[in-house]
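Structural features, examined
Each chain, written out:
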Amino acid sequence: IKYKTQVKKLLVPAILTLLVLLSGQAFSTYEKAELERVIDGDTIETESDTVRFLGVDTPELSTDNRPQEYGLENSSENRECLNRYAEEASEFVQNSTGENITLLYDHRSDERGTYGRRLAYVHEDGDLNRKLLVEGLAKVYPSSFSRWNEFYFWQYVAKKNSRGLWSCSG
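1. So, a negative patch on the surface
Side chains of E34, E36, E47 and E99 sit close together on the surface and give a patch of like negative charge. With respect to the helices and strands, the residue E36 is situated in strand β1 (residues 27–40).

The structure is reproduced here in structure tokens:
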């Protein structure tokens, strides 16, 4: 009975993950790019443009973070916690990227965001947008994109396991 319970605990998330992954990754185009610099956890600069990671939002480096945007109590401890994870998210992107990256553009998304940045899924030895969510270094940015269900699933898993910024006290 113990074995069956363990199998169920592993099998259900595995099946859900597979369904999410198969649920329509609709990319219209991709582009190889040269990374110039990491601006913060969800924004990079390439040789030709500034790129915002599509569908994710990391805590800000340069401003005071608002814990209530993450469903947390507005306290100095939570602001400090989010500030730490802003730095961790930036370091994670810096350590996970090399000079050459691939940008995937989603036909269900706008081409550019509010501040004129290109919106893309960033790949370098894997999907960095997803990895930020899995590690708890980002939350889902509510917007139109085809991987919405998948991203909320990974956010849910990170939250449930108190990973990264989700370990800040609620």
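The structure having been displayed, the exposition proceeds.
2. Focus: the environment of S109
Position of S109 relative to the elements: it lies in the loop between β5 (100–106) and β6 (118–123). Considered as a pair, S109 and S146 are 37 residues apart in the sequence and their alpha carbons are 7.5 Å apart. Not counting the four nearest positions on each side in its chain, S109 is found in contact with L54, L119, S144 and F145.

3. Structural notes on the packing of aromatic side chains
Tallied over the entire structure, the rule returns 5 aromatic pairs. Centroid distance W148 to Y152: 4.6 Å. Interplanar angle 55°. Geometry classified as tilted. Separated by 4 residues within a single helix, W148 and Y152 lie in helix α4 (residues 148–160), roughly one turn from each other. A connected cluster of aromatic rings, assembled from ring pairs, spans Y121, F145 and F151. Between R118 and the ring centre of Y105, over which it is positioned, the NZ or CZ distance is 3.9 Å.

What counts, and at which threshold
- Residues numbered from 1 in each chain as written.
- Predicted model: local features only at pLDDT ≥ 70, side-chain atom pairs only at ≥ 80, totals over all residues.
- Heavy atoms only, no water.
- Patch = residues over 30% accessible without salt bridge, like charges linked within 9 Å, V, L, I, M, F, W, Y side chains within 5 Å.
- Areas by Shrake-Rupley, 256 points an atom, 1.4 Å probe, with all protein chains shown as cover.
- Salt bridge = Lys/Arg side-chain N within 4 Å of Asp/Glu carboxyl O.
- Lys, Arg positive; Asp, Glu negative; His and termini not counted.
- Charge placed at Lys NZ, Arg CZ, Asp CG, Glu CD.
- Helix = DSSP H or I, 4+ residues; strand = E, 2+ residues; numbered from the N terminus.
- Contact = heavy atoms within 4.5 Å.
- Phe/Tyr/Trp six-rings, centres within 6.5 Å; stacked < 30°, edge-to-face > 60°.
- Lys NZ or Arg CZ within 6 Å of the ring centre and 35° of its normal.

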